[in-house]
Amino acid sequence: MKKDLFIDLIKSVPKAELHVHEEAVLGRATVKKVYKRNFGKSMSDKEFNDLFDYNDLAGFLASFIKIQSFFTHIDDFELMFRDFSDYLDENNIVYCETFFSPTSHLKKGWAFHDMISVIEKSINEIKAKSGRTVKLIVDVSRSFGKENAMRNLDLVLAEKNPIILGIGLGGDEAKGPAKEYAEVFTKAKENGLHTVTHAGESCESYSMKDSIELCHAERLGHGIQAIKDADFVKELAEKKIPLEVCPTSNTFILKEFNGDIKNHPAKKLFDEGVYITINTDDPTFFKCSLLDEYWNIYKGLKFSLDEIKQIIKNGFNAAFISDKEKAEYCKKVDAAWDEWFKEHPDCK
């Protein structure tokens, strides 16, 4: 199927996204706007280009944190969620679980409750405008150490806001092993929160195993390094532990793929029965929307259309929603899929 028809098909179908960082949906024009509004001058072309010039995970994370520093007022979140709303509309994402990383903002003296209140207002506006649902996974972050992670968890527990589903562990997993955060995640689990970790992005299966066994991870962010451990691949398939795969992000950051998505292991994992979901991670940073990601795995990894449809359903079935909601969303996927092919009979 040609790209224009494929994109039209995928856009017509409701989708979920489970691994996307909310700051990373901030439009590049908005980055400049926030910078100018808060620093009283325009960002130079060099500074702007340097902001998006990185070739490894550490460089990307440094740029991510730097953009967070441009936020000097809590109301800046409203600008961010306007871009977020546009992103959901453009990709027909009807359900999204997004990571919120509060640490850099807390270090500015912002109150967690105030941030969540502004975000909740923005999320409610999205729901009222388009019917799209957004929930938060608070990134307790391995970038700032265990004590900071526990403080973030305690803020979540004190807030008791239903827009927060659980906690996640982002950052460079090589510099912050999951096992160091077992106490934080055990406490979260005991208090009824969902738990996810970034694991198997750059570290091998030990990181994923620790995430599951010690941090009670219900999903694994990325998880692609599992392909190097055949026994663990079988375990993932048997236990149906979802992977939040982000093909463009992985291909861009990890040298082992040589910048070519054809080297990405998502199809091999899928063929082994692993529960794959497709996500963008950081669309602004990697210039890739969710529609683009589905095209990339269709063209570059040779997923069939039926497999693409299954992965779209996987996104809903791996979400932290009720079984009833999962069934309703999947029914809508089937209906939209069938309707599109009814209108395009020559594409069957």
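Our structure's up above, just so we're on the same page.
This structure is a prediction, so every number in the text was calculated from the model and none was measured.

A. Up close: the overall build of the protein chain. Each helix and strand counted, the protein chain has 17 helices and eight strands in total. What you see for the protein chain is a C-alpha radius of gyration of 19 Å, in line with the 20 Å of a compact globule of 348 residues. Dimensions of the protein chain, computed from C-alpha atoms along their principal axes, come out at roughly 55 × 45 × 40 Å. Here the contacts in the protein chain between residues at least 6 apart in sequence split such that 75% fall between residues at least 24 apart. Just so you have it, the protein chain exposes about 14700 Å², and 49% of that area is on carbon and sulfur atoms.

B. Looking closely at the packing of aromatic side chains. With the rule as written, the count across this model stands at 22 aromatic pairs. Taking 6.5 Å as the distance between ring centres and 65° as the angle between the ring planes, the aromatic pair formed by Phe-84 and Tyr-87 counts as edge-to-face. In this pair, Phe-84 and Tyr-87 are both assigned in helix H5 (residues 76–91), three residues apart and thus about one turn of the helix distant. Look at Trp-337 and Phe-341: their rings are 5.7 Å apart centre to centre, the planes differ by 45°, and that puts the pair in the tilted class.

C. The arrangement of the side chain of Glu-159 in detail. Relative to the elements of secondary structure, Glu-159 occurs in helix H8 (residues 146–159). The buried charged residue Glu-159 lacks any salt bridge partner; its closest oppositely charged side chain belongs to Lys-160, at an N-O distance of 11 Å. Beyond its immediate sequence surroundings of up to four residues, Glu-159 is in contact with Phe-112, His-113, Ile-116 and Ile-164.

D. Representation of the side chain of Asp-139. Within the element layout of this structure, Asp-139 appears in strand S3 (residues 133–139). For the buried Asp-139, which has no salt bridge, the nearest side chain bearing the opposite charge is Arg-142, at an N-O separation of 7.2 Å. For Asp-139, the residues in contact, after removing those within four places along its chain, are Phe-100, Ser-101, Pro-102, Asn-152, Gly-168, Leu-169 and Gly-170.

E. Up close: a positive patch on the surface. Together, Lys-3, Lys-262, Lys-299 and Lys-302 line one region of the surface with positive charge. Residue placement: Lys-3 occurs in helix H1 (residues 3–12).

F. Focus on the packing of helix H7 (residues 112–130) against H8. Relative orientation of the contacting elements H7 and H8 amounts to 60°, with a least axis distance of 10 Å. On the basis of their axis angle, the class for H7 and H8 is oblique. The interaxial crossing formed by H7 with H8 has right-handed handedness. Residues Phe-112, His-113 and Ile-116 of H7 form the contact with H8, whose participating residues are Leu-155, Val-156 and Glu-159.

Reading guide: rules and limits
Residues numbered from 1 in each chain as written. Predicted model: local features only at pLDDT ≥ 70, side-chain atom pairs only at ≥ 80, totals over all residues. Heavy atoms only, no water. Helix = DSSP H or I, 4+ residues; strand = E, 2+ residues; numbered from the N terminus. Rg over C-alpha atoms; globule rule 2.2 N^0.38 Å. Contact = heavy atoms within 4.5 Å. Areas by Shrake-Rupley, 256 points an atom, 1.4 Å probe, with all protein chains shown as cover. Phe/Tyr/Trp six-rings, centres within 6.5 Å; stacked < 30°, edge-to-face > 60°. Buried < 20%, exposed > 50% of the residue type's maximum accessible area, 1.4 Å probe, protein only. Lys, Arg positive; Asp, Glu negative; His and termini not counted. Salt bridge = Lys/Arg side-chain N within 4 Å of Asp/Glu carboxyl O. Patch = residues over 30% accessible without salt bridge, like charges linked within 9 Å, V, L, I, M, F, W, Y side chains within 5 Å. Charge placed at Lys NZ, Arg CZ, Asp CG, Glu CD. Axes fitted to C-alpha atoms, helices over the stretch in contact; angles between N-to-C directions. Parallel < 35°, antiparallel > 145°, perpendicular 65-115°, else oblique. Left-handed = near helix turned anticlockwise from the far one by under 90°.

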